[in-house]
Amino acid sequence: MAYQFVRSVEDVFLRYEEIRARLPRADFPRESRKCTGLVEIADEFDALLLDSFGVLNVGEKPLPGARDCLEVLRAMGKRLIVLTNAASHPHRATVERYRRLGFDFAPEDVISSRDVCVRRLKAVAPAARWGAIAAHGDGFEDFKADVVRWDAACRTDVDGFLLLSSANLDSESLAALEAELQVHPRPLVVANPDLVAPREGGLSMEPGYYAHRFADRLDLTPDFFGKPYPDAFSDALSKLDGIARDRILMVGDTLHTDILGGSAAGIRTVLVKDDGLFAGTCIRAYLNASGIVPDFECGKIQEESPVC
């Protein structure tokens, strides 16, 4: 895979603020409560929605202590659901990936932004043929729609574009896609709204990064599926009937997706600071500049246990 990378957290933050008008609106607490980890505040919640990158894993490596933390939470009777902006793989492959990383989630407890998109793609354009920008080897059977691979080398005639992954989005395909959208405007569906993701090599540019660039340059409004947009939280909360919103906690590492989205959905939020987007930064400046305030700020209990 050949991701492109953003230079700094500051660049990512500023870009999120530039596109703020395209994100949901939410109310936030006046200030955050500090905690050393999730177990410390677990008695206040019955269910936790867990971001993946920066909370459970960085790239293809689980974060030290994350698996142990989840076992403690399960033993306390907490319902755990993964809510991830990951769109490269169909549902079964996503569940299997977590198991390879050592996380034993049941299939019904994993929701990816791809899953959210699969349920709604036909509503965007019911009879469309979609050109998918995707990782090599990715299949599209789960979409139950006419989806074909699309890139600069194979510019198939399509009715709309489906942006699943930026892993192999080279400059030629990026330019070809922009040209297609400019000459013949068509729907652009984005199944991963993230601007970046924390990986072993740094902060990779994700589909949302490119989609917002197109929205800036062209007369189009992409259809986004995933955090912070409401459909993702609606799908997650539908699995938690009977649990009050203030007893549900969104656990994430990104202000403009996890925290903003969770707050807009009416649930409480915790920002994991020590891994993920804001690792090694002074988070206070970003909270003040954005006005996006989590209910909790979570640090490490010990060096080996960044999540709990």
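As shown above, the structure is provided for reference.
Just so it is clear, the model here is predicted, and its values are computed rather than measured.

Focus on the overall build of the protein chain
Logical step 1: A tally of regular secondary structure across the protein chain gives eleven helices and 17 strands.
Logical step 2: A compact globule built from 308 residues would reach a C-alpha radius of gyration of about 19 Å, and the protein chain, at 19 Å, matches this within 12%.
Logical step 3: Along the first, second and third principal axes, the C-alpha set of the protein chain runs to 55 × 40 × 35 Å.
Logical step 4: When the accessible surface of the protein chain is split by element, carbon and sulfur atoms take 48% of a total near 13100 Å².
Logical step 5: A distance of 1 Å separates the average location of the 37 positive side-chain charges in the protein chain from that of its 48 negative side-chain charges.

Regarding the pairing of strand 12 (residues 196–199)
Logical step 1: Burial along strand 12 is two-sided: the residues Val196 and Pro198 and Ala197 and Arg199 are all buried.
Logical step 2: In this antiparallel pair of consecutive strands, strand 12 and strand 13 (residues 202–205), the connection spans two residues.

Quick notes on the layout of surface pockets
Logical step 1: By volume, the largest pocket amounts to about 530 Å³.
Logical step 2: For the largest pocket, the lining is made up of 37 residues, of which Tyr3, Phe53, Ala86, Arg97 and Arg199 are closest to its centre.
Logical step 3: At the level of secondary structure, the elements contributing two or more residues to the lining of the largest pocket comprise helix 4 (91–100), strand 12 and helix 10 (255–264).
Logical step 4: With five residues, the single largest contributor to the lining of the largest pocket is helix 4.
Logical step 5: Within the lining of the largest pocket, the residues separate by chemical class into 15 nonpolar, eleven polar and eleven charged.
Logical step 6: Estimated volume of the second largest pocket: approximately 220 Å³.
Logical step 7: As for the second largest pocket, its lining consists of 16 residues, and the residues nearest its centre are His136, Asn168, Leu169, Asp170 and Ser173.
Logical step 8: Taken together, the residues of the lining of the second largest pocket sort by class into nine nonpolar, four polar and three charged.

Conventions adopted
- Note on numbering: residues in each chain are counted from 1, in written sequence order.
- Thresholds applied to this predicted model are a pLDDT of at least 70 for local features of residues and 80 or more for the giving and counting of side-chain atom pairs; totals over whole chains, interfaces and linings are not thresholded and use all residues.
- Working from all heavy atoms in the structure, the side-chain values ignore hydrogens and water.
- Numbering of helices and strands starts at the N terminus; helices are DSSP runs of H or I of at least 4 residues and strands are runs of E of at least 2.
- Every radius of gyration here is taken over C-alpha atoms, with the globule rule written as 2.2 Å times N^0.38, N being the number of residues.
- Accessibility throughout is a Shrake-Rupley quantity obtained with a 1.4 Å probe, and a residue counts as covered only by protein chains that appear here.
- When charges are counted, neither His nor the chain ends are considered; positive counts come from Lys and Arg and negative counts from Asp and Glu.
- In plain terms, the charge of a residue is placed at NZ if it is Lys, CZ if Arg, CG if Asp and CD if Glu.
- Burial status follows relative accessibility: with a 1.4 Å probe on protein chains alone, a residue under 20% of its type maximum counts as buried, one over 50% as exposed, and anything between as partly exposed.
- Any two strands with at least two DSSP-identified bridges between them are counted as paired.
- Definitions used throughout: a 1 Å grid over protein atoms alone; a cavity as a set of points that fits a 1.4 Å probe which cannot get out; a pocket as an open set with protein on both sides within 12 Å along at least five of seven lines; a lining residue as one with an atom within 4 Å of a point.
- Grid points are joined across faces, edges and corners, and a volume is the space filled by probe spheres set on the points.
- Throughout, the ten residues Ala, Val, Leu, Ile, Met, Phe, Trp, Tyr, Cys and Pro are labelled nonpolar, Asp, Glu, Lys and Arg are labelled charged, and all others, Gly among them, are labelled polar.

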